[in-house]
Amino acid sequence: IRKQKIIPVAQYGGRHAVTMLPGGGIGPEVMGYVREIFKYIGAPIDFEVVDIDPTVDNDEDVQYAITTIKRNGVGLKGNIETKSEAAYVTSRNVALRNELDMYAYVLNCKSFPGVPTRHKDIDVVIIRQNTEGEYAMLEHESVYGVIESMKVVTATNSERVCRFAFEFAKRNGRKKVTTVHKANIMKLSDGLFLETSRRLARDEYPEIEHNDMIIDNCCMQLVAKPHQFDVMLMTNLYGSIVSNVVCGLLGGAGLLSGRNYGDHYAVFEPGTRNTGTAIAGKNIANPIAMINASVDMLEHLGHHYHADLIRRAVNKTINVDKIVTPDVGGTASSTEVVNNIMVNIGKMARG
Ligand code: NAI
């Protein structure tokens, strides 16, 4: 994926500094695999690791993480847990995206030929508004027993992410953009988002086909006829749900990686953004999603040789060697998958 704008990055002596946020659940172990692979291939990256304590109610750790990403320009992250149930303690993941103004999320969903799935050859890109909508985190109890939750849609952010989607389609040779919405019920909020995408399609991107679909129907169409989709554009919560549906169609939470983009910073992470807490520490977590996120990061920083080497080694491991974890039908442990990737890297690097 081409960078849509030039994002400043920290570079010292040919090496890039990147903030690493391992997060909770399987985050620390899969980050460990990334570090092992980077060390093995000599990737010119220096990680600045920031651990965030999920049990603490203040946001000092998160503010520190944000400061380091502002300094480095780029981050690699797992899911940061928020253990407190107090309403005033908001999601750290959301806070990070909001404070870094990373308004667009991109999930490239391409089938792996070696993973057995109902549908073959899916190739869809989901572009999701990443900072507002249902994630405004503005909830209150207006009178006893009545909770109100605000969904915030702004013209500015709708236009930014819609333009991002059409630009993405144009620059990457994609033919069609589908806006996903519920404007039949949420006529003002989703209506604004839908109208913005229609206006841009009509006035600025006539060469790209544009249609729209109600979220309910979209989920049905995705599981029944996913090949009709090319680029999918939507607000925040629909984006999370649709991302999980498509990850499920392609083999689950352990494969795909997602990218958070703003005008100034970029953060890379596993596509479904979950913690995988139940499988942590058992050597069964699929390491591929985080490794793919690290490859996206290398590409973003222009380290194409290293990115391409890891990507080819990963694809051979999944599609040819079929050394995969149980979540995608295999019997390998996480470390066996990583070792196989490194063996492939060794062979490929030697030509
Ligand atoms: P989860 O972490 O329980 O994962 C869902 C399923 O995918 C589980 O069966 C898990 O074992 C499996 N899985 C996840 N990563 C895997 C991997 N690398 N290899 C193999 N299997 C893997 O998901 P849940 O319950 O949705 O969320 C847990 C936490 O993550 C919650 O705190 C939630 O707030 C957070 N979260 C989840 C998001 C989602 O899209 N599912 C999005 C943002 C946050």
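A short tour of the structure in this document, coming up. As the structure is a computational prediction, the values presented were derived from the model and not from experiment. (Residues numbered from 1 in each chain as written. Predicted model: local features only at pLDDT ≥ 70, side-chain atom pairs only at ≥ 80, totals over all residues. Heavy atoms only, no water.)

1. As for the pattern of salt bridges
In this structure the tally under the stated criterion is 22 salt bridges. The salt bridge involving Asp 101 is made with Arg 160; its shortest N-O contact spans 2.7 Å. Residue Asp 101 is located in the loop between α3 (92–99) and β5 (104–110), and its partner Arg 160 is located in helix α4 (residues 155–171); the two are separated by 59 residues in the primary sequence. Its relative accessible area of 30% is what places Asp 101 among the partly exposed residues. Within the structure, one salt-bridge network assembled from shared partners comprises Glu 159, Arg 163, Arg 199 and Glu 204. (Salt bridge = Lys/Arg side-chain N within 4 Å of Asp/Glu carboxyl O. Helix = DSSP H or I, 4+ residues; strand = E, 2+ residues; numbered from the N terminus. Buried < 20%, exposed > 50% of the residue type's maximum accessible area, 1.4 Å probe, protein only.)

2. As for the site of the ligand
Asn 244, Thr 272, Asn 274, Gly 276 and Asn 286 are the nearest of the 15 residues found near the ligand. In the model, an oxygen atom of the ligand is placed 2.8 Å from a nitrogen or oxygen of the Thr 272 main chain. For the ligand, an oxygen atom lies 2.5 Å from a polar atom in the backbone of Gly 276. Surface burial for the ligand is 55%, taken as the share of its 800 Å² of free accessible area covered by protein chains. Taken together, the residues of the shell around the ligand sort by class into four nonpolar, nine polar and two charged. (Near = heavy atom within 4 Å. Polar contact = N/O pair within 3.5 Å; in protein donor to acceptor, adjacent residues only side chain to side chain. Areas by Shrake-Rupley, 256 points an atom, 1.4 Å probe, with all protein chains shown as cover. Nonpolar A, V, L, I, M, F, W, Y, C, P; charged D, E, K, R; others polar.)

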